[in-house]
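# Geometric and topological summary
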Amino acid sequence: MAGLRLEEVHAAFGINGVDLAVGEDELLVVLGPSGAGKTTLLRVVAGLMPATRGSVYIGDKDVTGLRPGRRNVSMVFQSYALFPHLTVGENISFGLIVRDVPKAEARERTVKAAEAIGCQHLLSRKPFQLSGGERQRVALARALVREPDVFLLDEPMSNLDLELRVETRAEIKALHRRVGGTMVHVTHDQTEALVMGDRIAVMRDGLIEQLGTPEKLWNEPETTFVARFVGSPAMNLLPGDGPVRPPELFPEPAWLIGFRPEAVVLGQESDPAGTVTRVDVIGEDSYVYLGVAGLDAPVVARVPTAQRPSAGETVPVGVRAAHVFDAATGRRL
Amino acid sequence: MKKLLAPYLIGLVVLVFVPFGITAVMAFAEYDLINEPRWIGWGNFEELLRDDVFRTALINSLVFAGIAVPLRLAIALALALLLHRRAFLGGTARTTAAVPAAIPEIAYGLLWLWLFNPLFGPINQFLGGSDGLTIFGRTPPGWLTLPNDARAGIIIMSLFTMGEMFLILIAARQALPRDVYELAEIEDATGWDIFRRVTLPLMAPALGLLLVRDTILSLQLSFTPALVVTNGGPPPYATTYLSLFVYRNAFEFLRYGYAAAATVVMLLLTIAAVLVQLRLLSSPRR
């Protein structure tokens, strides 16, 4: 296992100079909205798309000019890309067979990979006889069997239902802990990214907006984009001179202040009044949307459901601590 | 919905089932359009068994189908795999490959009559070179005058009319998912591996369908060229195929009953060929 390094990588369809280093045994999650360039980045690493500028290194080897088959990467596609006419066993061993690995060895390694993923009982079935979750396991086993230097996973969970997704997240993470290796996982699901990633690279418009641990991203978002994209509902972003801001903060129109719904304090008499426009009950907690005079967007607050106000009620809205961003650049101050 | 099907059903009955019924009945009769039909039982079939011309036509047809059908399919597949991508002049190349199928058969036949002319045709002019001999040191083929060369000529003509198969195969290839090919690329599969292990199995349903369909059509494909270009010859019956045999007996010799019997044999042969192919193609696959 070798690690992955990208230096100033540009590519058509929206990669505009990405610098990135992924450690030898690291699971990096690339997170971003549709069109951010996540999948393109993965395809450039795999060699399915050329880098128009910059270099891709796997280990210490510059693979920028190598064809996909020579990079020793394996990829799990969003669609899983299983061969419909081959059995699960044949699908898993495909990469070994075309590389002329002796049949007995290929069989042995296939069984071993299938056991590692927990799909050994499916080996003689055809893909159409499998459920979505089983197909995904087969795709993972196929990625594992060749012992690649880098695993690339392109939104492998987007076709699974929520329950299975939660289960699979944990399984992939456990698998990574077991087998190690450099793993790059692309997703647009921030929960998935926060749960799985050793580090997360947030992408936007073909650039990495922030790279850091899940805690760092959550607690210290570098830009307003990261602040809004990570977390649901998104972080409140209000003008620095607006009515709702921490009391010790000097009003400054060139700033934006950001705070998560759980940081909102309701019911302190000294705070400005807000009118409840909507209440979303999510089990134990509820999200309360408040309109405050002088603010265009509503302030979202998280409160225990038992203490939620009702729509139309007037409640004082305040915040004690907030992130401060430059309103012009969107960067953290 | 049932009413909407009526025109088709009426057409099917009037144009297919009724003529088929008449043909099947007529196969057991002697009829020349002038005299009343005469019931002769298995007489026509017994005569077919003894008829050397029929045997020649049958063998010619089977040889034609056995060579032309796989070749047409292979050429259509090769062209489809070559031309399915977007490329410079790709559209022009695709049109060129497909267009001969759109030319009326008679015009196509007359064109080949000129192309195949042993003395003045461009094919032999090209093959003959300056000394009039081919690179193998023999005289160029006598396309319309020597039996085997004429049979080869009819097969060559049929190879250029695979445009429809080509279009179906291009569509089938383009419908295959891109990611399985990308996966094969990542796994470092060679072009031959990809063809053998991915493309061919995934296109097998379309190929199987075309194989069955072309086998059925092959008995008709040889009719116009044999009539227009070789007129069933060179003598005695080098390019007389079953379809031409039936045509001659019915419309030149006015032996409708005999022609009907030969048609029934043709139909049974076609059904047998299709059943064998379906059996071969129905191995478990998905």
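Structural notes, computed from the coordinates. (Residues numbered from 1 in each chain as written. Chains lettered and ligands numbered in written order. Predicted model: local features only at pLDDT ≥ 70, side-chain atom pairs only at ≥ 80, totals over all residues. Heavy atoms only, no water.)

This part is about the sheet that holds strand S3 (residues 27-31) of chain A. All names here are of chain A. Spatial strand order, S6-S7-S8-S3-S9-S10: six strands in an open sheet with mixed pairing. Looking at which strands have only one partner, the edges of the open sheet turn out to be strand S6 (73-76) and strand S10 (207-212). Strand-to-strand, the axes of this sheet are offset by a mean angle of 20 degrees, without reference to chain direction. Across four bridges, the pairing between S6 and strand S7 (residues 150-154) is parallel. Across the sheet, Val 76 pairs through a bridge with Leu 153, a residue of S7. Along the sheet, helix H1 (residues 38-46) makes contact with S3, S6, S7, strand S8 (182-187) and strand S9 (199-204), crossing S7 at roughly 150 degrees. (Pairing = 2+ DSSP bridges. Helix = DSSP H or I, 4+ residues; strand = E, 2+ residues; numbered from the N terminus. Axes fitted to C-alpha atoms, helices over the stretch in contact; angles between N-to-C directions. Contact = heavy atoms within 4.5 Å.)

What follows concerns the packing of helix H8 (residues 163-174) of chain B against helix H10 (residues 191-221) of chain B. Residue and element names in this part refer to chain B. With their axes 10 Å apart at the nearest point, H8 and H10 run at an angle of 155 degrees to one another. Looking at the two axes, H8 sits roughly antiparallel to H10. For the element pair H8 and H10, the recorded crossing hand is right-handed. Residue-level inspection shows Glu 164, Met 165, Ile 168, Leu 169, Ala 172 and Arg 173 of H8 in contact with H10, the latter providing Thr 199, Met 203, Ala 206, Leu 207, Leu 210, Arg 213 and Asp 214. (Parallel < 35°, antiparallel > 145°, perpendicular 65-115°, else oblique. Left-handed = near helix turned anticlockwise from the far one by under 90°.)

Residue and element names in this part refer to chain A. Along the chain, Gln 129 falls in the loop between helix H3 (103-117) and helix H4 (132-145). Note: C-alpha distance between Gln 129 and Leu 48 (81 residues apart in sequence) is 29 Å. One polar contact links the side chain of Gln 129 to the main-chain amide nitrogen of Lys 126, over a distance of 2.8 Å. (Polar contact = N/O pair within 3.5 Å; in protein donor to acceptor, adjacent residues only side chain to side chain.)

All names here are of chain A. What the five strands build is an open sheet, ordered S13-S17-S14-S15-S16; its pairing is antiparallel. The sheet is open, and its two borders are formed by strand S13 (264-266) and strand S16 (299-304), each paired with just one other strand. Recorded for the sheet is a direction-independent mean angle of 45 degrees between the axes of neighbouring strands. Pairing geometry for strand S14 (residues 273-282) and strand S17 (residues 314-319), over three bridges, is antiparallel.

A word on the interface of chain A and chain B. Opposite the 26 residues of chain A that make contact, chain B presents 19 residues. Here chain A packs against chain B, burying approximately 2,100 Å² in sum over the two surfaces, 61% of which is carbon and sulfur. In terms of surface lost to chain B, no three residues of chain A exceed A:His85, A:Phe94 and A:Val98, which account for 25% of the buried area on that side. Scanning the region where chain A abuts chain B turns up five salt bridges. Between B:Asp188 and A:Arg67 there is a salt bridge, with the nearest N and O atoms lying 2.3 Å from each other. Counting the contacts that link chain A with chain B gives seven residue pairs in polar contact (both at pLDDT 80 or more). Put simply, the parts of the chain that give the side of chain A that touches chain B at least two residues each are H1, S6 and helix H2 (88-97) of chain A. Of the residues assigned to the side of chain A that touches chain B, the class counts are 14 nonpolar, five polar and seven charged. (Buried area = accessible area lost by both parts, 1.4 Å probe. Salt bridge = Lys/Arg side-chain N within 4 Å of Asp/Glu carboxyl O. Nonpolar A, V, L, I, M, F, W, Y, C, P; charged D, E, K, R; others polar.)

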